[in-house]
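A look at the structure
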Amino acid sequence: MTSPNLPVASSTPPRVAGTVCLLEALLLLVTAGMYGLELLAGEAFDANTASMSLVVSVIFAVLLLVVGMSWLRGRSWPRTPTIVWNVLLLPAAWTLARTTGLWFGLALAVVALAGVGAALLAPAHDVDDRAL
């Protein structure tokens, strides 16, 4: 019986998945910084919405940092959160492509698909059902 927290062999898919998660975390931190600058300058259309967007961006950035670092440390547990997060980014990429610009949406879709693909290709540990 293996534990899902045991390190997995270091291979390309886990490194790619970890890098994608860290990139997404960095982009969320940049987004949070932009909301912060907007609030400080008094240019926010709705300060409540901007401040809550800043908080949510920071929370998800921290979570993605944990997931990305876990991938790079050889853990297998981030597989499911990585797949879920990146699949949820696909509708966001579609919306972004239709509203902000095609290239932004396509870039986000490529990053999200790379994250899903890398997580699916990463080795998974089998967990004994008796342990659940």
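Report follows, based on the coordinates. What you see is a predicted model; the values in this text were computed from it and never measured.

This brings us to the packing of helix H1 (residues 12-40) against helix H3 (residues 79-99). Interaxial distance between H1 and H3 falls to 11 Å at its minimum, and their mutual angle equals 55°. In terms of orientation, H1 and H3 fall into the oblique class. When the axes of H1 and H3 are compared, the crossing they make is left-handed. Of the residues in H3, those touching H1 at Val-20, Cys-21, Glu-24 and Leu-28 are Thr-82, Trp-85, Asn-86 and Leu-89. Residues belonging to the contact of H1 with H3 are distributed by class as follows: five nonpolar, two polar and one charged.

To continue, consider the layout of surface pockets. Roughly 560 Å³ of internal volume is contained in the largest pocket. In this structure, the largest pocket is lined by 19 residues; those nearest its centre are Leu-27, Leu-28, Thr-31, Leu-96 and Leu-108. Contributions of two or more residues to the lining of the largest pocket are made by H1, helix H2 (47-72), H3 and helix H4 (102-121). Examining the composition of the lining of the largest pocket, we find that seven residues originate from one element, H1, more than from any other.

How each quantity is defined
Residues numbered from 1 in each chain as written. Predicted model: local features only at pLDDT ≥ 70, side-chain atom pairs only at ≥ 80, totals over all residues. Heavy atoms only, no water. Axes fitted to C-alpha atoms, helices over the stretch in contact; angles between N-to-C directions. Helix = DSSP H or I, 4+ residues; strand = E, 2+ residues; numbered from the N terminus. Parallel < 35°, antiparallel > 145°, perpendicular 65-115°, else oblique. Left-handed = near helix turned anticlockwise from the far one by under 90°. Contact = heavy atoms within 4.5 Å. Nonpolar A, V, L, I, M, F, W, Y, C, P; charged D, E, K, R; others polar. 1 Å grid on protein atoms, 1.4 Å probe; cavity = no way out; pocket = protein on both sides within 12 Å on 5 of 7 lines; lining within 4 Å. Points joined across faces, edges and corners; volume = space filled by probe spheres on them.

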